[in-house]
Amino acid sequence: MELLPQALMDGILLGGIYITIAIAFSLTYGVMHIIDFAVGEWIMFGAFAGFYLNKWTGLDPFLLLPVVFVIFGLIGCLIQPVIHRVLSGSKGNPLLMGLVFTFGLGLMFQGLAMTVFGFYSNSTPSMFSEGSFFFEKFGFSLTISTVRLAGLIYALAITMALHYLLKKTNFGLGVRALALNKDSAGLMGVNGKRTGALVYGLYVGVTAMTGVLIGCILSVSAGMGPQYTIFAFFVVVLAGMGYLAGVPWAALLLGMVQSIFLIYFDPGHTLLAVFAILYTILLISPKGLFGRGV
Amino acid sequence: MKDKIIRWGLPVLFVLIAMPAVIHDTFFLRVVTEAVMWIGLAIAFDVLAGYTGYLNFGHGAFFGLGAYTTALLMMKAGWPFALALPMGGVMAAVAALIAGFPTLRLKGAYFAIATWALSRAVQQLALIMDITGGPDGMRLPPFLNPQFFYYLMLAIVAATFALLWYLLEHSPFGLKLKAIREDEQGAMALGLNPTKLKMQAFILSAVPTGILGGVYAYWITFIDPASTLGDLISDQALVMVVFGGMGTLIGPVIGAILIFAFKTLFWAYLSDFQLLYLIILGAVIALSVVFMPNGLWGTLGGFKKKKRDHENKLETSLEARLQKNEGE
């Protein structure tokens, strides 16, 4: 029991990171109606970008976040038209094809990363890496590493920024309109193509930034992608697909599960537990924990 | 259509049956045996992906479940192969029931995610359990008779093909599945029960996959989580089906033969660049989706049809002009 507060704290700190991935992911699903199977690979590429930029420039990864965001945002904006083309095709089953396309993309990225970066596991050093806060009260001791705390603060900042963007700006209004009804939004003057590209760029940028942080907090390796893809799915399905308000709770739950398994059980069983929870939720409440999904 | 399959299918089957009598090269027989296995895996994958419109990213898990069930029953329970093999199919069907029950009621994306997560979970389960030998895998008693495995594989795949051909192309079942693929709500409005039909399609896809896994285990005599439960099996089946042509039975066969031939050549000559294979698989998937959404077979068939339509149009316009001339 002594470790329980520590496990919960770690879970909250870790879960914070997943919030940003899942919100951006959920947003893309809302607008484009596709599930991006390459989400974990974007995290991996972001982590490597942070690792190498840090190596070359010597700057702190937290300072490099805007650079990574801009680079990956541009890449996302450039890739989205291809996905749009697949999705708006008249032949076959466009939604299915979109899934297949991102899956192929993910496979390609994975092979590419393994070829270029090799199989080594690295970690990006940061100015926050060393320090930690230590509390001791009521017989419980609690260690909070600074880098994880910084990660949580980053996640909160991104969440607030996305919330502002969606609820207070014209762009956000367009995005929400597109999510509700594509055709009507188009008739009301929302440029679906451009907004879609921007949202996808935003999503890729945010995901890659989060990747940089995961590189600082956990590790960077070419094979890390699929695990995070499953985590992103887990959070989004648990929250209810397309229901943004549920994302933080689901992400925190994932963080807890992961940290509890790390401390009390074998970390190798995490994926099994994640699947078991996902399965149970789908069985009991297919529309997510809150019953508000699509 | 029926004449066509008999005209083309029977000679091909005859050639395949007669082949081992003519060619005695063991390596060649081995390659063909595996190619036949992949044809079976690809057409089983297509039942769900092409005909029903649901992507099963856990296809490899059913293959591995069949392989492990057969291996475990033979090694730990001492069952004969002939009894253990069908159990592989039964196990795959049970897994399909369990996995499909909550997910098939939902939209396609949920199913794709859930099956993918399932395959990862099954792989991890095989890695940590004692009975499966963990990462070291399992060894089966060697039974060195390449011809036996060739004929067994061929019989299973040919039977699967015939069954699927009948069910999907010649019975209402195939039409019902296509109705679900095109418009699920519309299908429901017509009085179909999509969840039940999808479940049946899922089991129809899982059982041959599990049985092929069982044959594979006894044939290769060594199975481990990486080779039988890994993603590569699902990935390759997906490539074959997408490249060959979804929603047809001939397309996946062509895709399976071409991709498998490519794979064999690649591993034979370029095995130093193993990772390149993953990139090529991904690129083939992505490019065929963008440029050839109907796959090789669908695109070629489309050209043929277009040409035929064009010729027909030309003919009718010519006839019309002739008649006009005659009238004058």
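Just so it is clear, the model here is predicted, and its values are computed rather than measured.

Analysis parameters
- Residues numbered from 1 in each chain as written.
- Chains lettered and ligands numbered in written order.
- Predicted model: local features only at pLDDT ≥ 70, side-chain atom pairs only at ≥ 80, totals over all residues.
- Core = buried A, V, L, I, M, F, W, Y, C linked by C-beta atoms within 7 Å.
- Buried ≥ 20, exposed ≤ 12 C-beta atoms within 10 Å, placed from the backbone.
- Contact = placed C-beta atoms within 7 Å.
- Helix = DSSP H or I, 4+ residues; strand = E, 2+ residues; numbered from the N terminus.
- Nonpolar A, V, L, I, M, F, W, Y, C, P; charged D, E, K, R; others polar.
- Expected span 1.5 Å × (residues − 1).
- Bend = angle between axes of the 7 residues up to and from the residue.
- pLDDT = per-residue confidence, 0-100.
- Domains from an automatic or database assignment.

(A) Just the nonpolar core, in detail. Ranked by size, the top nonpolar core spans 195 residues in total, and within it Ala22(A), Val100(A), Val235(A), Ala42(B), Val215(B) and Ile285(B) carry the most contacts. In this structure, Ala42(B) is in contact with Ala237(B), Met240(B), Val241(B), Pro252(B), Val253(B), Gly255(B) and Ala256(B), ignoring residues within four places of it in sequence.

(B) The interface of chain A and chain B, seen in detail. The interface is formed by 37 residues belonging to chain A together with 37 residues belonging to chain B. Looking at the side of chain A that touches chain B, the elements with two or more residues in it are helix H3 (61–87), helix H4 (94–117), helix H9 (225–239) and helix H11 (270–284) of chain A. Looking at the side of chain A that touches chain B element by element, the count peaks at 16 residues for H4(A). Among the residues forming the side of chain A that touches chain B, the class breakdown is 26 nonpolar, nine polar and two charged.

(C) Layout of helix H2 (residues 26–52) of chain B. Residue and element names in this part refer to chain B. Over its 27 residues, H2 extends 39 Å from the first C-alpha to the last, a length consistent with the 39 Å expected when each residue adds 1.5 Å. Along its length, H2 reaches its greatest deviation from straightness, about 45°, at Asp 46. Where H2 terminates, the next one or two residues include Gly 53, which has phi positive at roughly 80°.

(D) Representation of the confidence of the model for chain B in the model. Confidence in the prediction of chain B, expressed as mean pLDDT, is 85, and 91% of residues score 70 or more. Within chain B, no element has a lower average pLDDT than helix H14 (residues 295–327) of chain B, which sits at 69, and none a higher one than helix H9 (residues 194–220) of chain B, at 92.

(E) Representation of helix H5 (residues 108–128) of chain B. Across its 21 residues, H5(B) extends 31 Å between first and last C-alpha, which sits within 8% of the 30 Å expected from 1.5 Å per residue. The element H5(B) is extensively covered by neighbouring structure, given that 17 of its 21 residues are classed as buried.

(F) Geometry of the domain arrangement of chain B. Residue and element names in this part refer to chain B. When the domains of chain B are assigned, the result is domain 1 (2–262) and domain 2 (294–328). Facing the 10 residues of domain 1 at the interface are five residues of domain 2. Counting residues per element, the side of domain 1 that touches domain 2 draws most heavily on helix H12 (residues 250–269), at four residues.

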